[in-house]
Amino acid sequence: MRSEEKPGKTTPPSSTFHPSPVTGHPSLPALDALLFFFILNLVLQPLVDPDFGWHVRTGLDLIQHGWRLPATDPYSHTVPDWPWVEHAWLTDGVIGLIYRSLGTAGPLGVIVLFALVTAAAFILAAGHARAGRTAKLVAVAATLWVALPFLGARTQMVSLLGLALVLRLCARYQAGRRINLWVIPLLFLLWANLHGAFTAGLFAMGLVLVASGVTRLVVDRWPVLADRLDEPVMGWSQMRRLALVGGLAALVTLINPYGWRLHAELYLSLTDQFMIQTLHEWQPVSWESRAGTLYLAYLAVLGILMMVAYRRVEPVRWVMLAAFLGLSLRHWRNVPLFLLVSVPLVAELVADLTTRASARFVVGLQRRKQALLAVTVAAAVGVVVLGPAHLERVVQCGVAPEEFFRSTEYPIEAVQWLRAHRDQVGTRLYNDYGVGGFLLWWLPEEKIFIDGRMPAFRMGDRWIFKDYVALTSWDPPALGVLNKYGVDWAIVGRGTPLQQALGSRPDWPAVYEDAKVVIYVKREA
């Protein structure tokens, strides 16, 4: 209940000081604006993802060829007969359209596109939290900060937005609000052509149905428990409708240029044990990296806050959080999914803790205003100190990418040399895994050895990813792999075992070297 105003006490008018619409706490709109600006700083990221290059190349070629998809891999000389299935073909096309239509500002346009998609996903996820605007923005900023190593121009961001939409629709339907359920199959029809992680949305819908069904069985058996729940329980008719819509949503994902082959490709990738055991993104989360430390610290703080302030009984939310938490701990690539799912809970915890602190430490309105102003000023100083350098790099990447990449590990200097000296190298390239996409972007006429599309590519004895690991990770490197694929020139990272092995062979003289890479050309016997 709202406490009565004491006689003689009135709230002083102020154009910058307003109560939160949910918690009733005093807040400064300037703080909300600052949080939103901080969120934009987080989601605006340069184009440094290793896979971005082949996505933009695919999109540009898709447009050039009248939106006709290639039947086999057009970009490698190692597995050119592989029946390539690009599960983000439509996203690639959108990237290509923006990149081409904006001319020299094309890279900046792509950066803004993915920033908006990412921000929309997390803000939408926070939308159904029972908290005020400031608490929601704090939660979004906190989770995006933890998700920072995963952000950028990555097609996975599209699936984060898709998952946020599914969770929002399911939450509204569970609460008994009127929604058009037939929007969900249309969403999955689009999602299945934008990115292959539409499976996360189907998985989330399945969790809602299973958790709701079990809860309904328990409540029907022991009706007294219904009063203990802090979330709505769907009726059987509601669940039947949602199950029907979910089944239709799964069926419409077959409407894509590849048909059932899309699902077969996803299954192949999800069950390739060699790839899962080798690639970092498929490894379990650990303390060994800064990103792992930050994420595990986030989980620890979240757990502590729940023990302090969370007393609700919400079985569907529990199941959703537990399932996505397990997936995130099992594979690095799933961490952003859990962060997205946890946003509403974080917002509610922030709001609850703020309410408790306000009730415990009773201070006057003027003191609250001063405290919020101090927080706003401190945050503004932090953004001013940390923000400009980052935004300058983002803008430089967007309008002068070649200059930007000089300050990265990508071999833009070698690319520039190759453009002027193409006749000094061979026809069948070796490249390191992490720069394959980059080379497709900047040297579109070259056929590459391997890139991020290819860990599951396998034709007969040509298991390219396993051969790549043998060439780069064995001691000594399995140089026979170069002969197997007819490689006659190589761009190799400086200081790597392969670079040292080739550098010691007289039949592989170096024709170019810098601080990042060495280019070798095979000398004919």
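About the criteria used
Residues numbered from 1 in each chain as written. Predicted model: local features only at pLDDT ≥ 70, side-chain atom pairs only at ≥ 80, totals over all residues. Heavy atoms only, no water. Helix = DSSP H or I, 4+ residues; strand = E, 2+ residues; numbered from the N terminus. Buried < 20%, exposed > 50% of the residue type's maximum accessible area, 1.4 Å probe, protein only. Contact = heavy atoms within 4.5 Å. Lys, Arg positive; Asp, Glu negative; His and termini not counted. Charge placed at Lys NZ, Arg CZ, Asp CG, Glu CD. Expected span 1.5 Å × (residues − 1). Salt bridge = Lys/Arg side-chain N within 4 Å of Asp/Glu carboxyl O. Pairing = 2+ DSSP bridges. Axes fitted to C-alpha atoms, helices over the stretch in contact; angles between N-to-C directions. Parallel < 35°, antiparallel > 145°, perpendicular 65-115°, else oblique. Nonpolar A, V, L, I, M, F, W, Y, C, P; charged D, E, K, R; others polar. Arc of directions from axis to C-beta. pLDDT = per-residue confidence, 0-100.

When its secondary structure is counted, the protein chain shows 21 helices and eight strands. If you line up the protein chain on its principal axes, its C-alpha atoms span 100 × 55 × 45 Å. Looking at the 525 residues of the protein chain, the share that counts as buried comes to 50%. In the protein chain, the proportion of contacts linking residues at least 24 apart, taken out of those at least 6 apart, comes to 71%. Taken together, the 47 basic and 39 acidic charged side chains of the protein chain have centroids lying 11 Å from each other.

Another aspect to go through is helix α4 (residues 106–126). Here α4 contains 21 residues, and its C-alpha end-to-end distance of 31 Å stays within 8% of the 30 Å for a straight helix at 1.5 Å per residue. Burial analysis of α4 places 15 of its 21 residues in the buried class, the great majority of the element.

Per the stated rule, a full pass over the model turns up 22 salt bridges. Across the pair R133 and D32 runs a salt bridge, and its minimum N-O distance is 2.7 Å. Taken together, the residues R133 in helix α5 (residues 133–146) and D32 in helix α1 (residues 29–43) connect sequence positions 101 residues apart. Residue E403 is joined to R406 by a salt bridge in which the shortest nitrogen-to-oxygen separation is 3.8 Å. According to the relative accessible area criterion, E403 is partly exposed, its value standing at 45%. Within the structure, one salt-bridge network assembled from shared partners comprises R130, R312, E314, R317, E348 and D352.

Here we take up unusual backbone geometry. The step from D475 to P476 runs through a cis peptide bond, and the omega angle for that step is 0 degrees. We note that W67 has phi near 65 degrees; this positive angle belongs to a residue other than glycine. In this fold, W67 is placed in the loop between α2 (52–64) and α3 (89–101). Residue W67 is classed as partly exposed on the basis of its relative accessible area of 37%.

Further remarks concern the pairing of strand β8 (residues 517–521). Within β8, five of the five residues are buried, which leaves it mostly tucked inside the rest of the structure. Alternating residues of β8 divide into V517, I519 and V521 and V518 and Y520, and every residue in both groups is buried. Bridging between strand β6 (residues 489–493) and β8 involves five bridges; their strand directions are antiparallel. When the sheet's bridge partners are listed, I491 is paired in β8 with I519.

So, on to the sheet that holds strand β7 (residues 510–513). The four strands lie next to each other as β3-β6-β8-β7, forming an open sheet whose pairing is mixed. Two strands close off the open sheet at either side, each with one partner strand: β3 (429–431) and β7. For this sheet, the mean angle separating the axes of adjacent strands, direction not counted, is 15 degrees. Of the pairings in the sheet, the one linking β3 to β6 comprises three bridges and is parallel in character. Bridging from a neighbouring strand, N431 pairs with I491 of β6.

One way to put it is that helix α6 (residues 156–174) packs onto helix α7 (residues 183–194) with a least axis distance of 10 Å and a crossing angle of 170 degrees. Classified by the angle their axes make, α6 and α7 are roughly antiparallel. On the side of α6, the interface is formed by V158, S159, G162, L163, L165, V166 and L169, while α7 contributes V183, I184, L187, F188, W191 and L194. Taken together, the residues of the contact of α6 with α7 break down into eleven nonpolar, two polar and no charged.

We now examine the pairing of β7. Relative to β8, β7 is paired through three bridges, and the arrangement is antiparallel. When the bridges of β8 are listed, E513 appears paired with V518.

Spanning twelve residues, helix α10 (residues 260–271) covers 17 Å between terminal C-alpha atoms, matching the ideal 16 Å at 1.5 Å per step. Taken as a whole, α10 has its buried residues at L262, E265 and L266. All buried residues of α10 fall inside an arc of 100 degrees around its axis, so they share one side. The exposed set on the far side of α10, more than 90 degrees from its buried face, consists of W260 and Y267. Contacts made by the buried residues of α10 are with α7 and α8 (198–221).

Of all residues in the protein chain, 90% attain a pLDDT of 70 or more, and the chain-wide mean is 89. Predicted confidence for residues 1–26 stays below pLDDT 50, and this span has 36 contacts to residues more than four positions away or in other chains.

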